[in-house]
Amino acid sequence: MIRLGLIGYPISASVSPKIHHAALKEAGLEGEYKLYTIHPNDIQGLKNLLAKVRTDEIDGLNVTIPHKQNVIPLVDELSYTAATIGAVNTIVLEDGKLIGHNTDAPGFWNDLQELLGQKEVQNQNALILGSGGAARAVVYALLDAGWNITLATRKADIPQAENLISDFATRNTQYAKKLSNIELKMATLSPLLSSLSLIVNATPVGMKSHHAGTPWPKELPFPSHAALYDLIYTPSETQFMQDAKNARLATRNGLGMLIGQALLSFEIWTGKKVSTEKIEKFIMK
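Residues numbered from 1 in each chain as written. Predicted model: local features only at pLDDT ≥ 70, side-chain atom pairs only at ≥ 80, totals over all residues. Heavy atoms only, no water.

The next subject is the overall build of the chain. When its secondary structure is counted, the chain shows 10 helices and 12 strands. Taken over C-alpha atoms, the radius of gyration comes to 18 Å for the chain, in line with the 19 Å a tight globule of 285 residues would show. Along the first, second and third principal axes, the C-alpha atoms of the chain reach 55 × 40 × 30 Å. Residue burial in the chain is summarised as follows: out of 285 residues, 51% are buried. Here the chain has roughly 13000 Å² of accessible surface; of this, 48% comes from carbon and sulfur atoms. Side-chain charges in the chain split into 27 positive and 27 negative, and the spacing between the mean points of these groups amounts to 3 Å. (Helix = DSSP H or I, 4+ residues; strand = E, 2+ residues; numbered from the N terminus. Rg over C-alpha atoms; globule rule 2.2 N^0.38 Å. Buried < 20%, exposed > 50% of the residue type's maximum accessible area, 1.4 Å probe, protein only. Areas by Shrake-Rupley, 256 points an atom, 1.4 Å probe, with all protein chains shown as cover. Lys, Arg positive; Asp, Glu negative; His and termini not counted. Charge placed at Lys NZ, Arg CZ, Asp CG, Glu CD.)

So, on to the layout of surface pockets. Roughly 550 Å³ of volume is contained in the largest pocket. The wall of the largest pocket is formed by 24 residues, among which G132, Q160, A202, T203 and P204 lie closest to the centre. Mapped onto the lining of the largest pocket, the elements with two or more residues apiece are helix 5 (133-144) and strand 8 (148-153). Counted by class, the lining of the largest pocket contains 9 nonpolar, 12 polar and 3 charged residues. (1 Å grid on protein atoms, 1.4 Å probe; cavity = no way out; pocket = protein on both sides within 12 Å on 5 of 7 lines; lining within 4 Å. Points joined across faces, edges and corners; volume = space filled by probe spheres on them. Nonpolar A, V, L, I, M, F, W, Y, C, P; charged D, E, K, R; others polar.)

The next point concerns the side chain of T270. Take T270: it is sitting in helix 9 (residues 255-270). Judged by relative accessible area, T270 falls into the buried class, the value being 18%. Side-chain polar atoms of T270 contact the backbone oxygen of F266, separated by 2.7 Å. Polar side-chain contacts of T270 include one of 3.1 Å to the backbone nitrogen of K272. When near neighbours in sequence (up to four residues on either side) are disregarded, T270 contacts I2 and L29. (Polar contact = N/O pair within 3.5 Å; in protein donor to acceptor, adjacent residues only side chain to side chain. Contact = heavy atoms within 4.5 Å.)

In this section: the pairing of strand 7 (residues 125-129). For strand 7, a buried count of 5 out of 5 residues is recorded, marking the element as mostly surrounded by other parts of the structure. Neither face of strand 7 is exposed, since N125, L127 and L129 on one face and A126 and I128 on the opposite face are all buried. Taken together, the 5 bridges between strand 7 and strand 8 define a ladder with parallel strand orientation. Opposite N125, over in strand 8, you have N148 as the bridge partner. Taken together, strand 7, helix 5 and strand 8 constitute a β-α-β crossover, and its handedness is right-handed. As paired strands, strand 7 and strand 10 (residues 198-201) are joined by 4 bridges and run parallel to one another. (Pairing = 2+ DSSP bridges. Right-handed = clockwise from strand over helix to strand, strands pointing away.)

The following block contains the structure:
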């Protein structure tokens, strides 16, 4: 039996168990996928859980907010993508070593095409709200495709955004030319609006288990030529998405990315490929 699970906090609303149980059934495998709620400051709890992967009590783990970076010092090696992003969402034991992978970036990029296919992209300028682990995966995917990116964060999170830019620039000097950061407020966002083709919400604002409302400044209009991708999937339509739809923007939530990254993780653990379309139909029932 394959024993899988998800580390995060809070994660009670996660649909990951539903995705992976469907994937196990589709692949003809017997297994389980559990939720492991670990407080943001409980590093010992993380160590104890990863020890179970080392001893084969657990075969694979996903990692979500707020532990995507917390687990990095606790694994033995990182894949190239995880090392470049600076965040881990998948852990597996390979040849006696704990390996940290990141499937968020390809999961995001593949699903983004469903959104961008609805409109003509006038330029490759993106605004990303947030600078945490989820934002890092989005940055990696967009940079890899040649996009220019502006990070917008609360004033308190500007050092985090600066660290993100520094980390990426260290990995590739060309990235520094395509990354910038600003404070998330009307005065700094307004000059960017006319040049944007994409807005990505990588903050938890609007998430069912976090904060209601929207990260977008109340009086700030939406750019008319942009699309909005919200990484949040519960609720299926955030207030941010509703407001953007009212402004006639194409929008998409993060369910497709969640399924995509989950099935890439599933393939790492089991060697089995499962159809995204089949799992999405099962989830939407």
